[in-house]
Amino acid sequence: MLGAAGPAGAQDLAAEAAAVRDKALSDPTAWRIVESLTTEVGARPVGTAAMARARDWALAKLASLGFENVRAEPFTTKAWIRGEESAEVVAPAPQKLRILGLSGSAPTPKGGLTGEVALFPTYQAMLDQPAGALDGKIAVVTQAMTRTQDGSGYGAILAQRAHGATEAAKRGAIAYLVRSLSTMQTRAPHAGYADYAGIPAAALSPPDAEQLERLAALGKPVSLKLVMASTVDPAATAWNVVGEIRGRERPDELIVVGGHLDSWDPGTGATDDGAGVAITTAAARLATLHARPRRTIRVVLWGSEEQGGSGSAYAAAHAAEVGNVVLAGEADIGAERVWRVALPAAGRDHPAVKAFLAALAPFSVVVSPDPAVRGGADVDGLVQAGAPVVQVAQDASRYFDFHHSADDTLDKIDPKALAQATAVWASLLEVVANSDVDFRPRGASSP
Ligand code: ZN
Ligand code: ZN
């Protein structure tokens, strides 16, 4: 029997949430989705032919899983596309370095550029330099990232990757290198978003950053040669791929969840964000275990998270229905177990929320006392427009070992952890889609 909205149905809802959770723990759908995406499409950088193949893959996958109203919603966005790249120490001890250009990087002149290194052990040390202090230099920041369960170590030094080239250029630098935002000592650098600062900008693998520190410590000038040949498509076409499980009673009330379909180019985008695509898509399917839900579950596979654009494109295209969004969320923090959940402030005492929390009990998940404020870059636009948001936090302790690098591949995903994350999302979708719980702040919902 299907759970009803009122107190009489609360027990049913709790039983159904638990059943969905248990089914998810042994269900192979999420694993099969991420295996299929990373194998049959591979890397999916926006602005490339691979992104169009990812769109076709997503349309076919959602249709084959029984989603309705499956469609690709096109938008245009600026896309940076990697070309040839190399870096080497010219003096005092010639040797190759491992780099990966950051999006927004300018190409070097044909044949490359050579310059003397100005090395800073912290980002702040570079920011402390006055204008002109880096004239003609290749600025290098070697500050390392801290490993944390909640991923906060990444946010703490994100600026050195995202804005470092801009700050270096302001001070006269001709190029900028930054130690990868990585928690792994491998020579696979991590790609990532950066400003279009007008100078070449690249990430150094952690061992290479440390090598440059030792070379600089010798006291002789260190000079590097960089060759980078990226291109930019100012108006690349990308797609948000959408599929729905239409609600049987209140189809206009929408639960909007998903992951991002695009990825960086070096790996196969397995944990970032093939996992999120797989978790939310499989969870939506699992939430229909008992029957067609009362409300509509809409899965969105956003098409340009890494270089930006898909969240704002989605919010603009769906501005008229924001008041109907009863909950929004994105899975974009890897493939590990969920350890913390933050819900919207409203609706917390509702039986549906209690049913969800009961389903979580075996997982020792922390329920945040604070309401969720963000749910992922692709739902920021919806949240700013007033949609309630959930944050389902997966353990990020190992996420930054591989994310954005050549090692972000399927073998890094533990199927059991993926199933746990899917079970959490599936129980959440089950209770929200089959109840009248309203997370929308009073007055914000449409009639
Ligand atoms: Zn991501
Ligand atoms: Zn990413």
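Everything numeric in this text was worked out from a predicted model, so none of it was measured. (Residues numbered from 1 in each chain as written. Chains lettered and ligands numbered in written order. Predicted model: local features only at pLDDT ≥ 70, side-chain atom pairs only at ≥ 80, totals over all residues. Heavy atoms only, no water.)

Undergrad: Whenever I open this one, the domain arrangement of the protein chain confuses me. Can you help?
TA: For interface size, the figure often reported is the accessible area lost on association. Domain annotation of the protein chain identifies domain 1 (7–79 + 234–433) and domain 2 (83–229). Relative to domain 2, the C-alpha centre of domain 1 lies at a distance of 34 Å. Between domain 1 and domain 2, the buried area comes to about 1,600 Å², and carbon and sulfur atoms account for 59% of it. The largest contributions to the domain 1 side of the interface with domain 2 come from Phe400, Asp401 and His404, which together make up 33% of the buried area. Our count for the contact surface shared by domain 1 and domain 2 stands at 1 salt bridge. Ionic pairing is found between Asp401 and Arg147, a salt bridge with its closest N-O pair at 3.0 Å. The greatest single-element share of the side of domain 1 that touches domain 2, amounting to 3 residues, is contributed by helix H12 (residues 399–402). Its residues placed into classes, the side of domain 1 that touches domain 2 shows 8 nonpolar, 6 polar and 6 charged. (Domains from an automatic or database assignment. Buried area = accessible area lost by both parts, 1.4 Å probe. Salt bridge = Lys/Arg side-chain N within 4 Å of Asp/Glu carboxyl O. Helix = DSSP H or I, 4+ residues; strand = E, 2+ residues; numbered from the N terminus. Nonpolar A, V, L, I, M, F, W, Y, C, P; charged D, E, K, R; others polar.)

Undergrad: Is there a simple way to think about the sheet that holds strand S5 (residues 113–120) in this case?
TA: The strands that make up a sheet pair up through hydrogen bonds in the backbone, lying either parallel or antiparallel. The strand order S3-S2-S9-S5-S6-S7-S8-S4 describes an open sheet built from 8 strands, whose pairing is mixed. Looking at which strands have only one partner, the edges of the open sheet turn out to be strand S3 (95–97) and strand S4 (99–101). Strand-to-strand twist across the sheet, computed as the mean angle between neighbouring axes with direction ignored, equals 35°. Sheet topology places strand S7 (residues 175–179) next to strand S8 (residues 201–204); 4 bridges connect them, and they run parallel. (Pairing = 2+ DSSP bridges. Axes fitted to C-alpha atoms, helices over the stretch in contact; angles between N-to-C directions.)

Undergrad: Sorry, what's going on with the coordination of the zinc ion (ligand 2) here?
TA: Put simply, the ideal angle at a metal is 109.5 degrees for four donors in tetrahedral geometry and 90 or 180 degrees for six donors in octahedral geometry. The coordination sphere of the zinc ion (ligand 2), as far as protein atoms go, consists of Asp272 (OD), Glu306 (OE), Glu306 (OE) and His404 (NE2), spread over 2.0 to 2.5 Å. Relative to the metal, the 4 donor atoms surrounding the zinc ion (ligand 2) lie at angles of 57 to 144°, and the coordination shape comes out irregular. Ordering the donors of the zinc ion (ligand 2) by residue number gives the pattern D-x33-E-x97-H. A separation of 3.2 Å is found between the zinc ion (ligand 2) and the zinc ion (ligand 1), which are bridged by Asp272. Pair noted here: Asp272 is in helix H8 (residues 270–286) and His404 is in the loop between H12 and helix H13 (415–433), with a separation of 132 residues, a long-range link. The exposure classification of Asp272 matches that of His404, with both residues buried. (Donors = N, O, S within 2.8 Å, 3.2 Å for Na, K, Ca; no water. Tetrahedral: all angles 85-135°; square planar, octahedral: opposite > 155°, others 65-115°. Buried < 20%, exposed > 50% of the residue type's maximum accessible area, 1.4 Å probe, protein only.)

Undergrad: Sorry if this is basic, but what is going on with the packing of H8 against H13 here?
TA: Describing two packed helices takes the angle between their axes plus the distance from one axis to the other. Axis separation between H8 and H13 bottoms out at 8 Å; the angle between their running directions is 45°. Here H8 is positioned oblique relative to H13, judged by the angle of their axes. H13 is crossed by H8, and the crossing has right-handed handedness. For the pair H8 and H13, the contacting residues are Ala275, Ile279, Thr280, Ala282, Ala283, Ala284 and Leu286 in the first and Leu418, Ala421, Thr422, Trp425, Ala426 and Leu429 in the second. Considering only residue class, the contact of H8 with H13 consists of 11 nonpolar, 2 polar and no charged. (Parallel < 35°, antiparallel > 145°, perpendicular 65-115°, else oblique. Left-handed = near helix turned anticlockwise from the far one by under 90°. Contact = heavy atoms within 4.5 Å.)

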